[in-house]
Amino acid sequence: MAKCDLCGQKIQTTFLNKIIGTFVKDKEGKQKVVCSDCQRKHKDIKSQF
Ligand SMILES: [Zn+2]
């Protein structure tokens, strides 16, 4: 199961195996996963990495 790269919480998935959250690329182009809570908390999510 995916874990949020910001808060470390497990990210739930839908029955279609889609994550409830979002994917973000950091400055080096690495893919990060962010849960919906953190997505809501941080308006500019990319600046967190
Ligand atoms: Zn999170």
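Description of the structure in this document.

Considering the coordination of the zinc ion
Okay, so step 1: Only C4 (SG), C7 (SG), C35 (SG) and C38 (SG) from the protein coordinate the zinc ion, and they sit 2.3 Å from it.
Okay, so step 2: Each of the 4 donor atoms around the zinc ion contributes to a set of angles spanning 104 to 114 degrees, which defines the coordination as tetrahedral.
Okay, so step 3: Read in sequence order, the donor residues for the zinc ion give the motif C-x2-C-x27-C-x2-C. In this pair, C4 is assigned in the segment before β1 (21-25) and C35 in strand β2 (residues 31-35), connecting sequence segments 31 residues apart.
Okay, so step 4: The class for C35 is buried, based on a relative accessible area of 9%.

Some points on the pattern of salt bridges
Okay, so step 1: The full count for this structure, using the stated rule, is 2 salt bridges.
Okay, so step 2: With a closest N to O distance of 3.5 Å, E28 and K30 form a salt bridge.
Okay, so step 3: Judged by relative accessible area, which is 64%, E28 ranks as exposed.

About the thresholds
Residues numbered from 1 in each chain as written. Predicted model: local features only at pLDDT ≥ 70, side-chain atom pairs only at ≥ 80, totals over all residues. Heavy atoms only, no water. Donors = N, O, S within 2.8 Å, 3.2 Å for Na, K, Ca; no water. Tetrahedral: all angles 85-135°; square planar, octahedral: opposite > 155°, others 65-115°. Helix = DSSP H or I, 4+ residues; strand = E, 2+ residues; numbered from the N terminus. Buried < 20%, exposed > 50% of the residue type's maximum accessible area, 1.4 Å probe, protein only. Salt bridge = Lys/Arg side-chain N within 4 Å of Asp/Glu carboxyl O.

Without other data, these values stay purely geometric and don't point to any function.
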